[in-house]
Amino acid sequence: MPFGFFDPTILLLLPAMAFAMWAQHKVKSTYERFSTVPAANGLTGREMAASIMSRNGVSDVRIEPVGGVLSDHYDPRVKIVRLSADNYGGRSISAIAVAAHEVGHVLQHHQHWFPLTLRSQIAPVAGFGSTLAMPMVFIGFLFGLRSPFGTILMDAGIILFAAAVLFHLVTLPVEFDASKRALAQLTSTGSLMPQEVAGAKKVLDAAALTYVAAAAVAALQLVRLLLIRNSRR
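Small disclaimer: the values here were computed from a predicted structure and weren't measured.

What counts, and where the lines are drawn
- Residues numbered from 1 in each chain as written.
- Predicted model: local features only at pLDDT ≥ 70, side-chain atom pairs only at ≥ 80, totals over all residues.
- Heavy atoms only, no water.
- Helix = DSSP H or I, 4+ residues; strand = E, 2+ residues; numbered from the N terminus.
- Buried < 20%, exposed > 50% of the residue type's maximum accessible area, 1.4 Å probe, protein only.
- Contact = heavy atoms within 4.5 Å.
- Areas by Shrake-Rupley, 256 points an atom, 1.4 Å probe, with all protein chains shown as cover.
- Lys, Arg positive; Asp, Glu negative; His and termini not counted.
- Charge placed at Lys NZ, Arg CZ, Asp CG, Glu CD.
- 1 Å grid on protein atoms, 1.4 Å probe; cavity = no way out; pocket = protein on both sides within 12 Å on 5 of 7 lines; lining within 4 Å.
- Points joined across faces, edges and corners; volume = space filled by probe spheres on them.
- Nonpolar A, V, L, I, M, F, W, Y, C, P; charged D, E, K, R; others polar.
- Phe/Tyr/Trp six-rings, centres within 6.5 Å; stacked < 30°, edge-to-face > 60°.
- Lys NZ or Arg CZ within 6 Å of the ring centre and 35° of its normal.
- Patch = residues over 30% accessible without salt bridge, like charges linked within 9 Å, V, L, I, M, F, W, Y side chains within 5 Å.
- Salt bridge = Lys/Arg side-chain N within 4 Å of Asp/Glu carboxyl O.
- Pairing = 2+ DSSP bridges.
- pLDDT = per-residue confidence, 0-100.

## Things to note about the overall build of the protein
The secondary structure content of the protein amounts to seven helices and three strands. Mapped in sequence order, the helices and strands of the protein form the string α-α-β-β-β-α-α-α-α-α. With the principal axes as the frame, the protein shows a C-alpha extent of 65 × 35 × 25 Å. Going through the 233 residues of the protein one by one, you find that 45% of them count as buried. Restricting the contact set of the protein to residue pairs at least 6 apart, pairs at least 24 apart contribute 73%. Of the accessible surface of the protein, which amounts to about 11,800 Å², a share of 67% is contributed by carbon and sulfur atoms. Where the 20 positive side-chain charges of the protein centre and where its 14 negative ones centre are 6 Å apart.

## Remarks on the layout of surface pockets
In this model, the largest pocket occupies a volume close to 830 Å³. Along its surface, the largest pocket is lined by 33 residues, and Asp 72, His 73, Glu 102, Glu 175 and Tyr 211 are the ones closest to its centre. Sorting the residues of the lining of the largest pocket by element identifies helix H1 (13–35), strand E2 (73–75), helix H4 (93–110), helix H5 (114–143), helix H6 (148–188) and helix H7 (194–231) as the ones contributing at least two each. Grouping the amino acids of the lining of the largest pocket by side-chain chemistry returns 16 nonpolar, nine polar and eight charged.

## Examining the packing of aromatic side chains
All chains considered together, the criterion is met by one aromatic pair. Stacked on the ring of Trp 113, the Lys or Arg Arg 181 has its end atom at 5.6 Å from the ring centre.

## Overview of a nonpolar patch on the surface
On the surface, Phe 138, Ile 139, Leu 142, Phe 143 and Phe 149 cluster together into a nonpolar patch covering about 490 Å² of accessible area. By residue number, the principal contributor to the nonpolar patch is H5, which donates four residues. Along the chain, Leu 142 falls in helix H5.

## Let's talk about the environment of Ala 95
Within the fold, Ala 95 resides in helix H4. Since its relative accessible area comes to 0%, Ala 95 is described here as buried. A C-alpha to C-alpha distance of 8.7 Å links Ala 95 and Arg 46, two positions 49 residues apart in sequence. Setting aside anything within four residues of it in sequence, one finds Ala 95 in contact with Gly 45, Asp 86, Asn 87 and Gly 90.

## Description of the side chain of Thr 30
Note that Thr 30 resides in helix H1. Residue classification places Thr 30 among the buried residues on the basis of a relative accessible area of 8%.

## Quick word on the pairing of strand E3 (residues 80–84)
Burial runs high along E3: five of the five residues are buried. Across five bridges, the pairing between strand E1 (residues 62–66) and E3 is parallel. Within E3, the position partnered with Arg 62 by the bridge is Ile 80. Between E2 and E3, which pair antiparallel and follow one another directly, the connecting turn spans four residues, one of which, Lys 79, has a positive phi of 55°.

## Considerations on the confidence of the model for the protein
Summary statistics for the protein give a mean pLDDT of 91 and a share of 95% for residues scoring 70 or more. Low confidence marks residues 1–5, where pLDDT is under 50. Its contacts with residues over four positions away, or in another chain, come to 12 contacts.

Put into structure tokens, the structure is as follows:
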């Protein structure tokens, strides 16, 4: 029975899920390692973010602390960079790397970079799809694909989930580019010493793995849903 323990299509997800677990461990361990290494410039994450924005002519974006760990993000709708407490006031390599990465998104927005715009446009549909797709597919399966209602529900669920997969795929170049911009800013201005830039790169590279893993899990889940649908025709 699909969606059950003996569903063979679940085997498709196992490698990606294992990769996702490893990626989470990697980013956590790397972040914690460089959280104990202070940057020679003595700047906090907030100060570094403000400095990069000032150098690039960005004056309409606020920087605020936010609760949680690694909850850092840039909200283009209200033009606010939100940094978790450890990164907002922290003076470590990790704090500066994460802050610079979020400002990388600010620079994308400031320059009207198309992939970021596309991701912002897809986000509402992707969020809606992530919430409703699987229940719709499951209910459609219960009704059966020989029933028009069941077919419509399952197909609609798969389409919604495909939107979520597209969001994950578009996220990859957006996140990679933000890290690239961050490292360029930290390197070209001498904000960090060469060995510190290497540490910042390790933090950002580890974080990037989580986005790759999320995209892989989502893509394979979509393949799994298509296989289940076709097997029930």
